[in-house]
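Below are the chains, spelled out letter by letter.
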Amino acid sequence: MPIPQTFEALRTHQSAEGQVQSRLETLRLDDLSAGEVVVRTRYAGVNYKDCLSLHGRAKIIASYPRVAGIELVGEVLASSVPSFEPGQDVLVHGFQTGIAFDGGFSACVRVPAAHVQAVPPGLTPHEAAVIGVPGFTAAMALERFVELGIAPDTGSVAMSGAGGAVGLLGTAILARAGYRVAAITRRMAQEERLRAIGAHEVIDAAVLDAPQRPLEKPRFAAAIDNVGGAMLSWLLRSMADGGAVASVGNAAGNTYEGSVLPFIMRRAQLFGIVANAPLAQRKRLWTKLAAEWKPDMASVLPHVQHIPLGALMEHSARQLEGATSGRVLVDFER
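How each quantity is defined
Residues take numbers from 1 onward in each chain, read along the sequence in its written order. At least 70 in pLDDT is required for a residue's local features to be given in this predicted model, at least 80 for side-chain atom pairs to be given and counted, and no such filter applies to totals for whole chains, interfaces and linings, which use all residues. To obtain the side-chain values, all non-hydrogen atoms of the structure were used and water was disregarded. Partly exposed residues are those whose accessible area sits between 20% and 50% of the maximum for their type, while under 20% is buried and over 50% is exposed, using a 1.4 Å probe and protein chains only. Strands here are runs of E lasting at least two residues and helices are runs of H or I lasting at least four, both read from the DSSP assignment and numbered beginning at the N terminus. Two strands qualify as a pair provided that DSSP identifies no fewer than 2 bridges between them. Contacts between residues were defined by any pair of non-hydrogen atoms, one from each residue, lying within 4.5 Å. Aromatic rings from Phe, Tyr and Trp, with only the six-membered ring used for Trp, were paired whenever their centres fell within 6.5 Å, and each pair was classed as stacked if the ring planes differed by under 30 degrees, edge-to-face if by over 60, and tilted otherwise. Whenever a helix is involved, its axis is fitted only over the stretch in contact; in every case the axis is a line through C-alpha atoms, and angles between N-to-C directions fall within 0 to 180 degrees.

Caption draft 1: A look at the pairing of strand 6 (residues 89–93). Burial within strand 6 is extensive, with four of its five residues counted as buried. With five bridges connecting them, strand 5 (residues 71–79) and strand 6 associate as antiparallel partners. Across the sheet, residue Leu-72 finds its bridge partner in strand 6, namely Val-92. Relative to strand 8 (residues 116–118), strand 6 is paired through three bridges, and the arrangement is antiparallel.

Caption draft 2: Summary view of the side chain of His-315. Relative to the helices and strands, His-315 is located in helix 9 (residues 312–320). With residues near it in sequence (within four places) discarded, His-315 still touches Val-46, Gln-305, Ile-307, Thr-324 and Val-328.

Caption draft 3: Fine view of helix 5 (residues 229–237). With eight of its nine residues buried, helix 5 lies for the most part within the structure. Within the sequence span of helix 5, burial applies to Gly-229, Met-231, Leu-232, Ser-233, Trp-234, Leu-235, Leu-236 and Arg-237. Buried residues belonging to helix 5 abut strand 9 (157–159), strand 10 (181–185), strand 12 (220–225), strand 13 (239–247), helix 6 (261–265) and strand 14 (269–272).

Caption draft 4: Representation of the packing of aromatic side chains within the structure. One pass over the full model with this rule turns up three aromatic pairs. Between the aromatic rings of Phe-136 and Trp-286, the centroid separation amounts to 6.1 Å while the plane-to-plane angle is 15°, which identifies the pairing as stacked. With a gap of 150 residues between them, Phe-136 in helix 2 (residues 125–147) and Trp-286 in helix 7 (residues 279–289) connect regions that are remote in the sequence. Judged on exposure class, the residue Phe-136 and its partner Trp-286 are both buried. With 5.9 Å between their ring centres and 70° between their planes, Phe-220 and Trp-234 make a pair best called edge-to-face. Highlighted residues: Phe-220 in strand 12 and Trp-234 in helix 5, separated in sequence by 14 residues. The exposure class assigned to Phe-220 is buried, which follows from its relative accessible area of 1%.

Caption draft 5: Focus on the sheet that holds strand 14. Here we have six strands laid out as an open sheet, ordered 11-10-9-12-13-14, and parallel in their pairing. Each of the sheet's edge strands pairs with one partner strand only, and the pair in question is strand 11 (199–204) and strand 14. Geometrically, the sheet is characterised by an average inter-axis angle of 20° between neighbouring strands, direction not taken into account. In this sheet, strand 13 lies alongside strand 12 in parallel orientation, the contact comprising five bridges. From the neighbouring strand, Asp-225 faces strand 13, where its bridge partner is Ser-247. Along the sheet face, helix 3 (residues 165–176) touches strand 9, strand 10, strand 11 and strand 12 and points at about 160° away from the line of strand 9. The strands touched by helix 5 are strand 9, strand 10, strand 12, strand 13 and strand 14; relative to strand 13, the strand with the most contacts, the crossing angle is about 155°.

The following block contains the structure:
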């Protein structure tokens, strides 16, 4: 397929007064940031970080104008390096994509070759897009749990924010890897859905509204926390001896109140996850996500929404309000 002369993109600008505005534009290839690989975008995942960028709600974008979108899956149209060739299916995420380099909210992107990775055997382009950054984030946490000796028979793994994309993919991936998952959500109407994707237990996040103790009942061997705030504090207090908490998100805020007791009395560990991993780790984890950690797509796909690029601004505003759930993809295949 030839490189199109023009294509549609959602581009974000900043005025001299600092006001941020995102709008649909018709671009040419030379309007994009430099790169050795030209990709026709098939799908671009929509993450909370992207929504903040589009509406100027946080200082994420490094320079303007910028096409946001921290991840994409697509087909190579042209490449000046031998490691990629036209027609190849590739994925891109991290490496400041959508921040310092133009990202996925464009029908065509130009990407530095060092930022591009082939879609691994075992995944279709659509499956890779569904997993995306949320699933890769969960895989990074899972790999760390394994390194710490937390096995499926060690105990339950809690997944907070279970109604969102990270929670959805995290629950499915942990379940596929053989772990018993305790999904935590304030939307208990989603209990049946969460059990269908692999949760063995669904916990009402209203547990945070109950009187809190310095240490809670030890109930989890590990946890992936996508919320922060009071949830992160409660999870730490609820760890069994030697438990580990992976902090991957901050939907409830950047701070939390806590004490040293979980660390001293139960040897709890807390570590952070950012999906901008070294290339060797990316390849290792994507290989697992295409095989032994591949989520049950039949149970996940009903919770994946596809939207056109023109609907992204409206959707992103709703996502910032907490009015959405599941995984959302901008679908350029339509």
